[in-house]
Amino acid sequence: MGSGGYERGRVDLDGGCHAWLQPDGGWGWSNAGLVVGDGASLLIDTLFDLKLTREMLDGFGPLTGANPIGTLVNTHANGDHCYGNELVTGADIVATEACAEEMPGTPPELLAAMVEAGENGELGETGAFFARIFGPFEFEGITLTPPTSTFTGRHEVDVAGTTVELLEVGPAHTAGDCIAHVPGASTVFTGDICFIEGTPIMWAGPIGNWIDACDLIIEDLHPDVVVPGHGPVTDVAGVRRMRDYLVFVDAQARARHADGMPVEEAIRDIALGEFAGWIDRERLAVNVDTVYRELDPDRGRTDVVTLFGMMAALAP
Ligand SMILES: [Zn+2]
């Protein structure tokens, strides 16, 4: 895998697995997955707004007509993976307990307000950044629809004869990340544990958990096919690249922290080298801030508007 085009829409993989891809995989342009059994399906994530989610559900329609979606998995609480939940009526919505706790924290109304403020010239550079990255999506009229079942650790779903294994790997990207493994198809849907050709963003950490999650995929699951949360379909080589970035940021941030360099300066000081060509490289700001928080627990959490301000300052 890893070759072939990266086009918007449905990609049919082996063993009843399917992906829905949204190039270019940048801010809000997430992927989803579908596992089709013999008479039922499991959907992995919805999209950032209702229009995009409806389009995806229509695209999967020829598959889900005879195999209706009985289970919807949210890999984590970010809106680009759950804001379309309300359209998957009648399904059991499964997520980790930590994901369910985190989900109400960022309601669609908040994103709508941020974009509006930015479009009205408020919040300065940060507002303009919001308007640019989230302006293409429609947050008005979304009813946040939370999980109906939660789990911790590991949870297995029998999708009409096809086994899907949900593995909690967070906190890493967010507080409650999980990945979906389909052993019979040697396929893993990683949610945002994997960004391909794009920079990952570490809202939660610790970074070691995220590196461990990559190792779990590479060494224990070693799938033939990896569907990332953003970017084209890949294999373990893509997960290795993701791991390389995390190891790099961890080392760079730790060294500057040890030298007593303030976080704002560390963010400006780190040269991304081989990762400079990935899109959304301004996310380095959040990643370094999160490593600093881990090294200095008294620092507390940086609020989200401040983090977006740090990224806006760094964005090309
Ligand atoms: Zn995402």
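That block above? That's the structure.
This write-up is about the structure you can find in this document.

Calculation notes
Residues numbered from 1 in each chain as written. Predicted model: local features only at pLDDT ≥ 70, side-chain atom pairs only at ≥ 80, totals over all residues. Heavy atoms only, no water. Pairing = 2+ DSSP bridges. Helix = DSSP H or I, 4+ residues; strand = E, 2+ residues; numbered from the N terminus. Axes fitted to C-alpha atoms, helices over the stretch in contact; angles between N-to-C directions. Contact = heavy atoms within 4.5 Å. Donors = N, O, S within 2.8 Å, 3.2 Å for Na, K, Ca; no water. Tetrahedral: all angles 85-135°; square planar, octahedral: opposite > 155°, others 65-115°. Expected span 1.5 Å × (residues − 1). Bend = angle between axes of the 7 residues up to and from the residue. Buried < 20%, exposed > 50% of the residue type's maximum accessible area, 1.4 Å probe, protein only. Polar contact = N/O pair within 3.5 Å; in protein donor to acceptor, adjacent residues only side chain to side chain.

## Description of the sheet that holds strand β4 (residues 41–44)
Part 1: Overall, mixed pairing links the seven strands, which are arranged β1-β2-β3-β4-β5-β6-β7 in an open sheet. Single-partner strands in this sheet number two, and they are β1 (9–12) and β7 (149–151). Sheet twist, expressed as the mean angle between neighbouring strand axes with direction ignored, is 20 degrees.
Part 2: Contacts from helix α1 (residues 50–64) reach β1, β2 (17–21), β3 (32–36), β4 and β5 (69–73) within the one sheet, and its direction differs from that of β2 by about 160 degrees.

## Observations concerning the coordination of the zinc ion
Part 1: Listed as protein donors to the zinc ion are Asp80 (OD), His81 (NE2), Asp192 (OD) and His230 (NE2); their distances from the metal cover 2.1 to 2.4 Å.
Part 2: In this structure, the zinc ion is coordinated by four donor atoms arranged in irregular fashion, with angles at the metal of 85 to 160 degrees.
Part 3: In the primary sequence, the donor residues of the zinc ion line up as D-H-x110-D-x37-H. Here aspartate 80 is found in the loop between β5 and β6 (92–96), whereas its partner aspartate 192 is found in strand β11 (residues 187–195), with 112 residues between them in sequence.

## A closer look at α1
Part 1: Taking 1.5 Å of rise per residue, the 15 residues of α1 would be expected to cover 21 Å, yet its terminal C-alpha atoms sit only 18 Å apart, more than 12% below that figure.
Part 2: By the largest-angle criterion, aspartate 58 marks the main kink of α1, which is about 30 degrees, and a proline, proline 62, follows within four residues.
Part 3: Within α1, burial applies to Leu50, Leu52, Thr53, Met56, Leu57, Gly59, Phe60, Leu63 and Thr64.
Part 4: Elements that come into contact with the buried residues of α1 comprise β1, β2, β3, β4 and β5.
Part 5: A side-chain oxygen of the first residue of α1 lies 3.3 Å from the backbone nitrogen of lysine 51; this N-cap is aspartate 49.

## Regarding the environment of glutamate 219
Part 1: Of note, glutamate 219 is situated in helix α5 (residues 207–221).
Part 2: Along the backbone, glutamate 219 and threonine 106 are 113 residues apart, and their C-alpha atoms lie at a distance of 34 Å.

Any functional reading would require information beyond the geometric quantities listed.
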